[in-house]
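# Observations on the three-dimensional arrangement
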Amino acid sequence: MVEKKDLIQITDVTWEIPTSYREDMRVPVRIFADEALIDAALGDKSFDQAVNTSTLPGLVSPVVVMPDVHQGYGFPIGGVAASRYPDGIISPGAIGYDINCGVRLLASGISFADVKRELTHLALALDANCPSGVGVGGSVRLTTKELDKVCRQGSAWALKNNYARRDDLERTEEQGQIHGADPSSISSRAKQRGKGQLGTLGAGNHFIEIDVVDEIFHEAAAEAMGLAEGLLTVQIHCGSRGFGHQICSDYVREFQSAVKRYGIKLPDRELVCAPLNSPEGKRYKAAMACAANYAFCNRQVLAHHVRRSFEQVLAGRVPDWDLHQVYDIAHNMGKTETHVVDGEKVRVCVHRKGATRAFGPGFEGLPEVYRPFGQPVLVPGSMGTASWVLLGTEESMTKSFGSSCHGAGRVMSRRQAKREIWGQDLREELEAQGIIIRAGSMPGLAEEAPKAYKDVDAVVEVVVRAGIAAKVARLRPVVVIKG
Amino acid sequence: MQPAFEEIEHTADWALRVRGDSLTDLFRNAAFGMLSLLGIESVPGNSESRYFELKAEDTETLLVSWLEELLFPLEVENAAVVDFQVEVLEKAQLKATIKLKKIASIKKEIKAVTFNELDIRTVESGYETIIVFDV
């Protein structure tokens, strides 16, 4: 396993594992972390998985590791790897089973002080209107034909079917629609799973959370986002559900033979991949786009139900109960982007798994209102702790392929969390802090305890000090809905 | 005696170490281990029997396919495997009969059976592997 002595410290928050660490490494690993976060990550196989990732063919230097890194399966969670066209690869396992898992932030003009007494009702309404939990179906039942449209159109399908506003799409990464989606690249099993799950939250670490804006760090950007201290916001964290899980499973299985055909040797079979321009690689990319569009649409339908819940509870009680979209970002995705490498513009597929895109000011894909500031980066914390709204920076383009962290990052296993934490006690503890909890399962709640995660504030300090993101606002949770 | 399956530490997901006297035993214990993680309660009444055969290009892929086959009815049919018989054959093939019942409640969700660290090894007592589930 990688040990601390194997790391070279470059700055107070930048470390490197050189290619000399292991013979099969093709590029070095660059880690953004302070010393405490390095020590935490050395407690599992995060860095070994980053080293394994660095052996993939066609990578552009380096593999980047975020401060919220933790052990995943094959590729570490909190990892970024860019592979060069045309000889680079695409790896389904390096994007993850929950394709386009991501976060949406809605904001309001509703003062926390004005609705404090309504929060319990809001929690009940959100729980009732937003299907969550294991095996729970959605409010939208799709035919195969409609599912194919969701695959191609993403959030645009939601707009046509009255689940979205035009503004929502403009404030969604890629406008909520990845081009090149091809439903014929998807198995019938994936389609069977996808038909009944649109507009569902799922379980595990997915959540809907009402937060209060606690502190503003960048007035102009916060104003552009409609964020002000003391106002309510809502975060939605989920992905492509069983539809995306099945697509990834299908391709990880299929690529087991593809790596043999292309003579690719791997240290872990979960890292299976295919050349970007191969028939297999192109087909996976088209399938991944379907799942990504499904996930954008899923969060959009949930946002619709959140708005409905706010209207049910707050209409007539506050002058304006509307929720506008701040942004929606993916943190499990493979994206075709152009980056400058050694002074040369290079077209790459950036694999971000548990990492978000964090493009700097001027990026054309951003809505005009955000273009002077950079891309909003949404960093949810753990149930009892802060969440952060950040901005991408120019420096992130040169240091991390325009990427930043995606959350707090687990530090304790689910097994240990269940052993040490009793769900009901945790719920009472959080409620004593003024956080209302609605959870499908108490052991599930225990697994997601704040103690099981790293300190999100420390994670954010690292990305800010490293120059790959800038602070806009800190959010404080007041209602948490978990599946 | 070593347990047929045991949960091992993993920061974010679930990992099992599974053992078996034979490949069939290993596949059986892997299924028991996975199903025990899900915490399923089924509704009383008759079960539905289903027979299938699987083949794969190697034994590890066959193991993943077998476990995926047991997970698939959960979401699509709201049904869980309550009993099964499996026999691993030569050349990475198996035949199985599973019994399904409708789900009354289920505690956990498994997103996927992964190939991470999956490596079926011959050991003194038979076979052993680690299986990591994305949850």
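This text gives an overview of the structure that appears in the document. (Residues numbered from 1 in each chain as written. Chains lettered and ligands numbered in written order. Predicted model: local features only at pLDDT ≥ 70, side-chain atom pairs only at ≥ 80, totals over all residues. Heavy atoms only, no water.)

This part is about the overall build of chain B. When its secondary structure is counted, chain B shows two helices and nine strands. Seen in sequence order, chain B has helices and strands lined up from the N terminus as β-β-α-β-β-α-β-β-β-β-β. By the compact-globule yardstick of 14 Å for 135 residues, chain B fits well, its C-alpha radius of gyration being 14 Å. In terms of overall dimensions, chain B has C-alpha extents of about 40 × 35 × 30 Å along its principal axes. Taken across its 135 residues, chain B has 55% of its residues classed as buried. Long-range contacts, defined here as pairs at least 24 residues apart, represent 66% of the contacts in chain B between residues at least 6 apart. Carbon and sulfur atoms provide 46% of the accessible area of chain B, an area that totals close to 6,000 Å². Of the side chains in chain B, 14 bear a positive and 25 a negative charge, and the two mean positions are spaced by 5 Å. (Helix = DSSP H or I, 4+ residues; strand = E, 2+ residues; numbered from the N terminus. Rg over C-alpha atoms; globule rule 2.2 N^0.38 Å. Buried < 20%, exposed > 50% of the residue type's maximum accessible area, 1.4 Å probe, protein only. Contact = heavy atoms within 4.5 Å. Areas by Shrake-Rupley, 256 points an atom, 1.4 Å probe, with all protein chains shown as cover. Lys, Arg positive; Asp, Glu negative; His and termini not counted. Charge placed at Lys NZ, Arg CZ, Asp CG, Glu CD.)

What follows is about the overall build of chain A. Helix and strand counts for chain A come out as 16 helices and 19 strands. For 483 residues, the compact-globule estimate of 2.2 N^0.38 gives 23 Å, and the C-alpha radius of gyration of chain A, at 21 Å, lies within 12% of that figure. Across its three principal axes, chain A shows a C-alpha extent of roughly 65 × 50 × 50 Å. Within chain A, the proportion of its 483 residues that are buried is 66%. Nonlocal contacts in chain A, meaning residues at least 24 apart in sequence, comprise 76% of its contacts between residues at least 6 apart.

Contacts between chain A and chain B engage 40 residues on the former and 33 residues on the latter. Taken over both partners, the interface formed by chain A and chain B buries close to 3,400 Å², and the fraction arising from carbon and sulfur atoms is 46%. For chain A, the biggest contributors to the area lost against chain B are Val134(A), Arg269(A) and Arg415(A); these three give 18% of the whole. There are 13 salt bridges connecting chain A and chain B. With its nearest N and O atoms 2.8 Å apart, the salt bridge here joins Arg269(A) to Asp58(B). Between chain A and chain B we count 21 residue pairs in polar contact (both at pLDDT 80 or more) in total. Broken down by secondary-structure element, the contributors of at least two residues to the side of chain A that touches chain B are strand 4 (59-73), helix 8 (188-195), helix 10 (241-261), helix 13 (414-420) and helix 15 (442-447) of chain A. Considering only residue class, the side of chain A that touches chain B consists of seven nonpolar, 17 polar and 16 charged. (Buried area = accessible area lost by both parts, 1.4 Å probe. Salt bridge = Lys/Arg side-chain N within 4 Å of Asp/Glu carboxyl O. Polar contact = N/O pair within 3.5 Å; in protein donor to acceptor, adjacent residues only side chain to side chain. Nonpolar A, V, L, I, M, F, W, Y, C, P; charged D, E, K, R; others polar.)

Across a sheet, paired strands are connected by hydrogen bonds in the backbone, their directions being either parallel or antiparallel. Residue and element names in this part refer to chain A. Spatially, the seven strands line up as an open sheet ordered 1-2-3-4-5-13-12, and their pairing is mixed. The strands lining the two open edges of the sheet, one partner per strand, are strand 1 (8-11) and strand 12 (332-341). Across this sheet, the average inter-strand angle for adjacent strands is 30°, counted without regard to direction. Here strand 4 runs beside strand 5 (residues 75-84); their pairing, made up of six bridges, is antiparallel. Opposite Leu59, over in strand 5, you have Ser83 as the bridge partner. Of the strands in this sheet, strand 2 (14-17), strand 3 (29-32), strand 4 and strand 5 are in contact with helix 2 (residues 46-53), which crosses strand 4 at around 150°. (Pairing = 2+ DSSP bridges. Axes fitted to C-alpha atoms, helices over the stretch in contact; angles between N-to-C directions.)

All names here are of chain A. Per the stated rule, a full pass over the model turns up zero disulfides over all chains. Looking at the unpaired Cys248, the closest cysteine sulfur is the one in Cys101, lying at 13 Å. With relative accessibility at 0%, the residue Cys248 sits in the buried group. The thiol sulfur of Cys290 is not disulfide-bonded, and the nearest other cysteine sulfur, from Cys151, lies at 4.1 Å. (Disulfide = S-S within 2.5 Å.)

With that settled, the discussion passes to the pairing of strand 2 (residues 14-20) of chain B. Residues and elements named next belong to chain B. Burial runs high along strand 2: six of the seven residues are buried. Relative to strand 2, strand 1 (residues 5-8) runs antiparallel, the two being bridged by four bridges. Within the sheet, the bridge partner assigned to Glu6 lies in strand 2 and is Arg17. Two successive antiparallel strands, strand 1 and strand 2, enclose a turn made up of five residues. As judged from the seven bridges shared by strand 2 and strand 9 (residues 126-134), these two strands associate in the antiparallel manner. The partner of Gly20 across the bridge, within strand 9, is Tyr127.

Here the focus is empty space enclosed by the protein. If a probe the size of a water molecule is rolled over the atoms, the empty space left behind becomes visible. Residue and element names in this part refer to chain A. Applying the stated criterion across every chain, the model contains one cavity of 30 Å³ or more. What the largest cavity holds in volume is close to 500 Å³. For the lining of the largest cavity, the secondary-structure elements that each account for two or more residues are strand 4, strand 8 (207-216) and strand 19 (469-482). Of the residues assigned to the lining of the largest cavity, the class counts are twelve nonpolar, eleven polar and ten charged. (1 Å grid on protein atoms, 1.4 Å probe; cavity = no way out; pocket = protein on both sides within 12 Å on 5 of 7 lines; lining within 4 Å. Points joined across faces, edges and corners; volume = space filled by probe spheres on them.)

Next up on the list: the side chain of Asp98(A). As for its position among the elements, Asp98(A) is in the loop between strand 6 (89-90) and strand 7 (102-111). Setting aside chain neighbours within four positions, we find Asp98(A) in contact with His206(A), Gly239(A), Ser240(A), Arg241(A), His245(A), Asn332(A) and Lys111(B).

With that settled, the discussion passes to the pairing of strand 15 (residues 376-379) of chain A. All names here are of chain A. Burial along strand 15 is two-sided: the face carrying Pro376 and Leu378 and the face carrying Val377 and Val379 are both buried. Pairing geometry for strand 15 and strand 16 (residues 387-392), over four bridges, is antiparallel. Residue pairing in the sheet places Val379 in a bridge with Trp388 of strand 16.

Our next topic: the pattern of salt bridges. What the rule picks out here adds up to 53 salt bridges over all chains. Arg474(A) is the salt-bridge partner of Asp214(A), the closest N and O atoms lying 3.3 Å from each other. Note that Asp214(A) is positioned in strand 8 and Arg474(A) in strand 19, a separation of 260 residues in sequence. Between Arg19(B) and Glu6(B) there is a salt bridge, with the nearest N and O atoms lying 2.9 Å from each other. With Arg19(B) in strand 2 and Glu6(B) in strand 1, this residue pair connects regions lying 13 residues apart in the sequence. Given the relative accessible area of 11%, Arg19(B) is considered buried. Under the relative-accessibility criterion, Glu6(B) is labelled partly exposed at 27%.

On to the packing of helix 8 of chain A against helix 2 (residues 59-76) of chain B. Remark: helix 8 of chain A packs on helix 2 of chain B, axes separated minimally by 9 Å, with the N-to-C direction vectors making an angle of 35°. Two secondary-structure elements touch here, helix 8 of chain A through Arg189(A), Gln192(A) and Arg193(A) and helix 2 of chain B through Glu69(B), Phe72(B), Glu75(B) and Val76(B). Split into classes, the residues belonging to the contact of helix 8 of chain A with helix 2 of chain B amount to two nonpolar, one polar and four charged.

What follows deals with the environment of Pro62(A). Residues and elements named next belong to chain A. Note on placement: Pro62 falls in strand 4. Considered as a pair, Pro62 and Arg30 are 32 residues apart in the sequence and their alpha carbons are 6.2 Å apart. Ignoring anything within four residues of it in the chain, the contact list for Pro62 reads Val27, Pro28, Arg30, Val80 and Phe401.

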